[in-house]
2 protein chains.
Amino acid sequence: MERLPLERIVYFGDTARVPYGVKSVATIEHFTAQITEFLLQQDVKMLIVACNTMAAVAADVVRRLARDIPVLDVIEAGAHAAVAESNGRGIGVIGTPTTINSNAYARRIHALDPGVRVYSQACPLFVPLVEEGWLDHPVTRLTAQEYLKPVLAEEVGSLVLGCTHYPLLKPLLRDVVGPGVRLVDSAITTAELAAAKLLELGIASTHAGPTAYRFVVTDVPLRFQTIGERFLGRSLGTVEKVEW
Amino acid sequence: MERLPLERIVYFGDTARVPYGVKSVATIEHFTAQITEFLLQQDVKMLIVACNTMAAVAADVVRRLARDIPVLDVIEAGAHAAVAESNGRGIGVIGTPTTINSNAYARRIHALDPGVRVYSQACPLFVPLVEEGWLDHPVTRLTAQEYLKPVLAEEVGSLVLGCTHYPLLKPLLRDVVGPGVRLVDSAITTAELAAAKLLELGIASTHAGPTAYRFVVTDVPLRFQTIGERFLGRSLGTVEKVEW
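Everything numeric here is computed off the predicted structure, so don't read it as measured data.

Trainee: Even after reading the chapter, I still don't get the pattern of salt bridges, so can you show me in this structure?
Mentor: Any two side chains of opposite charge can pair, so long as their charged atoms come close to each other. Under the counting rule described, the total for this entry stands at 29 salt bridges over all chains. When the shortest N-O distance is used, the salt bridge between Arg17 of chain A and Asp14 of chain A registers 2.8 Å. By relative accessible area, which is 6% here, Asp14 of chain A ends up buried. Taking the shortest distance from any N to any O, the salt bridge between Arg141 of chain B and Asp175 of chain B comes out at 3.2 Å.

Trainee: Hey, could you run me through the nonpolar core in this one?
Mentor: Ranked by internal contacts, the top residues of the largest apolar core, which has 52 residues, are Ile94, Phe126 and Leu173 of chain A together with Ile94, Phe126 and Leu173 of chain B. Elements supplying a minimum of two residues to this core: α6 (126-132), α7 (138-152), β6 (158-161) and α8 (170-177) of chain A together with α6 (126-132), α7 (138-152), β6 (158-161) and α8 (170-177) of chain B. Other than its neighbours up to four places away in sequence, Ile94 of chain A contacts Ile100, Gln121, Cys123, Phe126, Leu148, Leu159, Val160, Leu161, Gly162, Cys163, Tyr166 and Leu173 of chain A.

Trainee: Looking at this model, I keep getting lost on the UniProt feature "binding site: substrate" (unreviewed entry) in chain A. Mind explaining?
Mentor: All names here are of chain A. Feature annotation in UniProt assigns "binding site: substrate" (unreviewed entry) to the following positions: Tyr20, Gly21, Asn52, Thr53, Thr164 and His165. Annotated residues spanning 146 residues; largest pairwise C-alpha distance 12.4 Å, indicating a single compact cluster. Among the secondary structure elements, Tyr20 is positioned in the loop between β1 (9-13) and α1 (25-41). According to the relative accessible area criterion, Tyr20 is buried, its value standing at 7%. In this structure, Tyr20 is in contact with Asp14, Ile28, Phe31, Ile35, Thr53, Met54 and Thr98, ignoring residues within four places of it in sequence. Mapped onto the elements of the fold, Thr164 is located in the loop between β6 and α8. Those residues in contact with Thr164 that sit more than four places away from it in its chain are Ala50, Asn52 and Phe231.

Trainee: Would you mind going over the sheet that holds β1 of chain A with me for this structure?
Mentor: Whenever strands of a sheet pair, they do so through backbone hydrogen bonds, lying parallel or antiparallel. All names here are of chain A. Strands sit in the order β1-β8-β9 across an open sheet of three strands; the sheet is parallel. Two strands lie at the open edges of the sheet, namely β1 and β9 (239-241), each paired on one side alone. When the angles between neighbouring strand axes are averaged without regard to direction, this sheet yields 25°. Sheet analysis places β1 next to strand β8 (residues 213-217), joined by five bridges and oriented parallel. By the bridge assignment, Phe12 is partnered in β8 with Val216. Of the strands in this sheet, β1, β8 and β9 touch helix α10 (residues 221-232), which is tilted by about 145° from β9.

Trainee: How should I be thinking about the environment of Thr164 of chain A in this particular structure?
Mentor: We classify Thr164 of chain A as partly exposed; its relative accessible area is 38%. Spatially, the C-alpha atoms of Thr164 of chain A and Asp185 of chain A are 8.5 Å apart, while their sequence positions differ by 21 residues.

Trainee: Explain the domain arrangement of chain A here, please?
Mentor: Many descriptions give the size of an interface as the accessible area lost when the pieces come together. Residue and element names in this part refer to chain A. One can read the domain layout of chain A as domain 1 (9-74 + 188-241) and domain 2 (75-185). Between domain 1 and domain 2, the contact holds 22 residues from the first and 22 residues from the second. Carbon and sulfur atoms make up 53% of the area that domain 1 and domain 2 hide from each other, which totals about 1,800 Å². The interface formed by domain 1 and domain 2 includes three salt bridges. The salt bridge involving Glu131 is made with Arg223; its shortest N-O contact spans 3.3 Å. Here domain 1 is connected to domain 2 by 13 residue pairs in polar contact (both at pLDDT 80 or more). Contributions of two or more residues to the side of domain 1 that touches domain 2 are made by α2 (52-66), α9 (186-200) and α10. Ranked by the residues each element gives to the side of domain 1 that touches domain 2, the list is headed by α2, at six residues. Residues belonging to the side of domain 1 that touches domain 2 are distributed by class as follows: twelve nonpolar, five polar and five charged.

What counts and how
- Residues numbered from 1 in each chain as written.
- Chains lettered and ligands numbered in written order.
- Predicted model: local features only at pLDDT ≥ 70, side-chain atom pairs only at ≥ 80, totals over all residues.
- Heavy atoms only, no water.
- Salt bridge = Lys/Arg side-chain N within 4 Å of Asp/Glu carboxyl O.
- Buried < 20%, exposed > 50% of the residue type's maximum accessible area, 1.4 Å probe, protein only.
- Core = buried A, V, L, I, M, F, W, Y, C linked by side-chain atoms within 4.5 Å.
- Helix = DSSP H or I, 4+ residues; strand = E, 2+ residues; numbered from the N terminus.
- Contact = heavy atoms within 4.5 Å.
- UniProt positions renumbered as here; feature names shortened; annotations may be inferred.
- Pairing = 2+ DSSP bridges.
- Axes fitted to C-alpha atoms, helices over the stretch in contact; angles between N-to-C directions.
- Domains from an automatic or database assignment.
- Buried area = accessible area lost by both parts, 1.4 Å probe.
- Polar contact = N/O pair within 3.5 Å; in protein donor to acceptor, adjacent residues only side chain to side chain.
- Nonpolar A, V, L, I, M, F, W, Y, C, P; charged D, E, K, R; others polar.

Put into structure tokens, the structure is as follows:
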């Protein structure tokens, strides 16, 4: 929204079936296909897989269904950012269990730089801690210290926040990892890659009127609206619910 | 299984869509109807709503669909146990946000004893902490101390573990609440009520052969099998997956 203020965005949140991070690849592929079909019916010109877990295990499902519509995903973006910021030191990656077990970050990073060392750690409690709103709480600090101990022992130069919830923990994580480790958030890189791709394909919007945002969810919107506005720092307007 | 060793049991776990505890009543009612229809097709003679969140907001959906098949639920059982153990002191209830917001425990307890004081507290992080296996961990202890502080300040005589995950935290919770507070686990009361109801209706099994257990889930069974065997303390055998 900030990087591409002229673009209309349709956001889809599968709130009735989240979290995805501890579910199987087969189930995530099934949900992903359903959501992709829905978004394609909204006549979109680009698809962004903005959930790391979905990007880790089901980006190919999206690409297959999207045919000639361009598809970006946050792991591709995160891997680029991580390599750019690694300064020759090792890269730490934190994410949900499904993302980490998929090894998708390590594969994407090694495709860009085969020599870099990658250390991964699943952090299953970070999503519930963020949703509880304990962004700066002794419980979250203690949990982060425990999860990050093995990664920090490898003296990594950067740490990829491989889940869209984690950037809300940035101030706390910065304390825990110390000044020598850069935190890599794929959100900004994803927005940059999207802007570049839209330009490259000649499909960027030049319409300067007020932009319309649609937020679509699968559960009753109330909780999404509360948490979404905490993430976004502004009102979401009307949130639609699809019946599945 | 221990109280009614002659009965065949079909267990259904909606692993592709859990947790229910932070989802809306409308979505839980929808999932509940689907699962009830499935179990009725298995030709069961009794239905037990063994999830506190579902019992709190959707037990009526089960009763309506079940028609003349008896339906028991863990909140009814927990309310009976809580009143029996309250000794004239206040009752604390902990559960998921949806269970606590529904006020179902307070309503059921007050139907049995209108004079008793009930203090409720949502504990959204307990389910993820149990699933992480941190049953005796400083993070879990700190979280429990924080959640239980307001309830303990009311000097309750008992604390209802209003979620099927919480009994795994019993040793830790016993430490946190101290010797003056009894922990009420509805599982045993539910089994007792089921046994009494089967006898009363003359439908208890007298077949003494080896019993068959079926475990049915909606996600790939692997994770369910691991966590389920940790809960149950024994092997689950084959776990089936339904395609929805």
